[in-house]
Amino acid sequence: MHETLTAVNDSTVSGLGRLARFFGFSDVMGRLYGTLLLSPQPLSQDALGDTLEISKGSVSMNMRDLERWGMAKEVWVRGERRKFYKAESDMWQVIRNVLESREQREVQLALHVLGESIEKLQAAERDLSAEEQQVARFYLDRIGDLQAFFQFAQLALHAVLGSEKALDFDAITKIEIE
């Protein structure tokens, strides 16, 4: 392969590994995704391990995660008995999968915990001294602000996740900024 192609491939795969770490995924997962994304043909677990110089066990474990997140899928290759994989190349779909699986769940959990905290403070109000009631009101104000933030985040997630048909991701990526 030409040295420019190799350099671009290596830097892109490495960059996706760093980006994956930023979002809480493993470096290996990001590099596997990048390798699949830049491959015109499906790749076997052996080819992925050889390319990235990682163990077959690491490839297998991280590929299960990529499949679970909807970032890659196993594909059938005629005449082959080994597992082959192909990356999900629709970035909008990848983002939707991650937001639906992880972020939405975390926002729901935060709202639940904050709601319980508000209920506990309100239930204990009668048993608190005047000074403690003042602290409780302070807590309620701050927790209310957090709750409003997470409710906004929940609305934003619903807007983004519900707009699959309405958002032309291809057109967005072709916007020229001067």
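Coordinates for the structure precede this section.
Summarised in this report is the structure supplied together with it.

What counts, and where the lines are drawn
Residues numbered from 1 in each chain as written. Predicted model: local features only at pLDDT ≥ 70, side-chain atom pairs only at ≥ 80, totals over all residues. Heavy atoms only, no water. Pairing = 2+ DSSP bridges. Helix = DSSP H or I, 4+ residues; strand = E, 2+ residues; numbered from the N terminus. Contact = heavy atoms within 4.5 Å. Axes fitted to C-alpha atoms, helices over the stretch in contact; angles between N-to-C directions. Salt bridge = Lys/Arg side-chain N within 4 Å of Asp/Glu carboxyl O. Buried < 20%, exposed > 50% of the residue type's maximum accessible area, 1.4 Å probe, protein only. 1 Å grid on protein atoms, 1.4 Å probe; cavity = no way out; pocket = protein on both sides within 12 Å on 5 of 7 lines; lining within 4 Å. Points joined across faces, edges and corners; volume = space filled by probe spheres on them.

Read from one edge to the other, the open sheet built from three strands follows the order β1-β3-β2, with strand pairing classed as antiparallel. Of all the strands in the sheet, just β1 (43-44) and β2 (72-75) have a single pairing partner and so form its edges. Summarising the sheet, β1 and strand β3 (residues 84-87) pair through two bridges and their orientation is antiparallel. Looking at β3, one finds that L43 is bridged to Y85. Where helix α4 (residues 56-68) meets the sheet, it contacts β2 and β3, and its direction lies at approximately 110° from that of β2.

One pass over the structure, following the stated rule, counts seven salt bridges. Here R21 ties to D27 by a salt bridge, and the two come within 2.9 Å at their closest N and O atoms. Judged by its relative accessible area of 47%, R21 is partly exposed. Judged by its relative accessible area of 22%, D27 is partly exposed. In this structure, D65 and R68 form a salt bridge, with 3.0 Å as the shortest nitrogen-oxygen distance. With D65 and R68 both in helix α4 and three residues apart, the pair spans about one turn of that helix. The exposure class assigned to D65 is partly exposed, which follows from its relative accessible area of 23%.

Attention now moves to the layout of surface pockets. The computed volume of the largest pocket comes to approximately 380 Å³. Lining the largest pocket we find 17 residues, and of these F23, F25, M71, V94 and V98 sit closest to its centre. Among the secondary structure elements, those contributing two or more residues to the lining of the largest pocket are α1 (3-22), α2 (27-37) and α5 (91-124). Top element by residues in the lining of the largest pocket is α5. It accounts for seven residues. Considered as a void within the structure, the second largest pocket measures approximately 230 Å³ in volume. Lining the second largest pocket are 15 residues, and of these N9, D10, V13, T35 and T51 lie nearest its centre. Of the residues forming the lining of the second largest pocket, the biggest block, five residues, is contributed by α1.

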